[in-house]
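Secondary and tertiary structure notes
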Amino acid sequence: MTSRTVVQIVPAQEVTEGAGVRVFRSIGTLPRRNLDPFLMLDQFNTDNPDDYIAGFPDHPHRGFNTFTYMLDGHMRHRDSMNNQGDLGPGGAQWMKAGSGVIHSEMPQQESGRMRGFQLWINLPADQKMTPPEYQDVRARSIPESAENGAAVRVIAGNFNHLQGPVSDPNTAFIFLDVTLENGKNFVQPLPEAHTAFVYTFEGATRIGEHLLNERQLAVLDKGERVTVTASKDHTRFLLVAGRAIGEPIVQYGPFVMNTRDEIEQALADFRDGKLVLTKATMVNY
Ligand code: MN
């Protein structure tokens, strides 16, 4: 079996989003505009309420999925159709924006730690204008395993015998949160052609000869498995993979389509109050 090698290391850059939320962005920056099927990865990681309290008031999305995974703190999701979700520590949320959603993502706390991730996953052309959907995943429904020095939370895809509650048939999405003891190896088979990355968010990891410090993302080559070694105490990382969609990506802010004309249409629809075509459905787990 061939282990995947690192083809690029992308350091996260601090950017301000929403109404003034400080996030660390890796995918979606100049050195790595996207990583098909992934469009953006933001990490929020702060103890300072000034960094997050303004939240993400009403804003639109069209043409892709947003996936949010929370480590600490609470975020309330509310959309223009009065669907509501409370995202808590260890929980996740999958939102298919499809033809259009206007929603807000607002912190429900005024103090304390706020940590988590938002990942954008593209939709294929034939699904960009389909009705939106939500999947709200409670922390307790995310399976965990602890063996050989690795504690693994399985949010999407399979790990050993465990199956994560989130699934995306378009990309066969895999999302693992791995805490690894210093010096231990974590070896995980992956579909050979899947796009895959590792994002280290605590401690440090090594993949082959490459060292990944906190807030660094490693884009992996194709291959049948990945081997990650922890090289510090308290090491924790995301292992994420998905099948590339292989279509043109034209992005303008919160709209991700295949052509410029479709972006123009999204902007016109938003301006004319026609972005939201269909009532979203919400599923609780
Ligand atoms: Mn949003």
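Description of the structure in this document.

Basis of the calculations
- Here the residue numbering is sequential within each chain, running from 1 through the sequence in written order.
- Per-residue local features of the predicted model are confined to residues with pLDDT of at least 70, and side-chain atom pairs are confined, for both listing and counting, to 80 or more; whole-chain, interface and lining totals are unaffected and use all residues.
- The basis for every side-chain value is the complete set of heavy atoms in the structure, and neither hydrogens nor water enter the calculation.
- Numbering of helices and strands runs from the N terminus; a helix is a DSSP stretch of H or I covering at least four residues, while a strand is a stretch of E covering at least two.
- Here the globule rule is a power law, 2.2 Å times the number of residues to the power 0.38, and the radius of gyration is based on C-alpha atoms.
- Exposure classes here rest on a 1.4 Å probe applied to the protein chains alone. A residue is buried below 20% of its type maximum, exposed above 50%, and partly exposed in between.
- Note on areas: these come from Shrake-Rupley sampling with a 1.4 Å probe, and a residue is covered only by the protein chains present in the view.
- Only four residue types enter the tally: Lys and Arg on the positive side, Asp and Glu on the negative side, with His and both chain ends excluded.
- To locate a charge, take atom NZ for lysine, CZ for arginine, CG for aspartate or CD for glutamate.
- Any N, O or S atom lying within 2.8 Å of the metal counts as a donor, and for Na, K and Ca the limit rises to 3.2 Å; water is left out, so some sites can look incomplete.
- Pairing between strands is defined by DSSP: at least two bridges between them are needed.
- When a carboxyl oxygen of Asp or Glu lies within 4 Å of a side-chain nitrogen of Lys or Arg, that pair is called a salt bridge.
- Angles run from 0 to 180 degrees between N-to-C directions of axes, and those axes are lines fitted to C-alpha atoms, restricted for helices to the stretch in contact.

1. Quick word on the overall build of the protein chain
- Tallying secondary structure elements over the protein chain gives one helix and 27 strands in all.
- Scaling as 2.2 N^0.38, a compact globule of 285 residues should have a C-alpha radius of gyration of about 19 Å, and the protein chain matches this with 18 Å.
- Projecting the C-alpha coordinates of the protein chain onto the three principal axes gives extents of approximately 55 × 40 × 35 Å.
- Expressed as a percentage of its 285 residues, the buried residues of the protein chain come to 54%.
- For the protein chain, the exposed area adds up to about 12,100 Å²; of that, 47% sits on carbon and sulfur atoms.
- Of the charged side chains in the protein chain, 27 are positive and 34 negative, and the gap between their average positions amounts to 1 Å.

2. Structural notes on the coordination of the manganese ion
- The manganese ion binds to the protein through H59 (NE2), H61 (NE2), H103 (NE2) and E105 (OE), with metal-donor distances spanning 2.1 to 2.4 Å.
- Donor residues for the manganese ion sit on one chain with the sequence pattern H-x1-H-x41-H-x1-E. With a gap of 44 residues between them, H61 in strand β5 (residues 56-61) and E105 in strand β10 (residues 101-107) connect regions that are remote in the sequence.
- For H61, a relative accessible area of 2% translates into the label buried.
- Under the relative-accessibility criterion, E105 is labelled buried at 8%.

3. Remarks on the pairing of strand β22 (residues 216-220)
- Counting buried positions along β22 gives five out of five residues, so the element sits mostly inside the fold.
- Here β22 shows a buried face lined by Q216, A218 and L220 and a second buried face lined by L217 and V219.
- In terms of strand pairing, strand β1 (residues 6-11) meets β22 through five bridges, oriented antiparallel. Bridge pairing links V10 to L217 in β22.
- In this sheet, β22 lies alongside strand β19 (residues 195-202) in antiparallel orientation, the contact comprising five bridges. Opposite Y199, over in β22, you have L217 as the bridge partner.

4. Here's the deal with the pattern of salt bridges
- Counting across every chain of the model gives 14 salt bridges.
- Its salt-bridge partner being E14, residue R22 comes within 2.7 Å of it at the nearest N-O pair.
- Judged by relative accessible area, which is 43%, E14 ranks as partly exposed.
- For the salt bridge of D136 with R138, the shortest nitrogen-to-oxygen distance reads 3.6 Å.
- Through salt bridges that share partners, D47, D72, R113, R115 and E202 make up one connected network.

5. Some details on the sheet that holds strand β18 (residues 185-189)
- Sheet architecture is open: four strands sit in the order β18-β23-β20-β21, paired in antiparallel fashion. Of all strands in the sheet, those bounded by a partner on one side alone are β18 and β21 (210-212). For this sheet, the mean angle separating the axes of adjacent strands, direction not counted, is 25°.

Interpretation note: all reported values are geometric properties and have no functional meaning in isolation.
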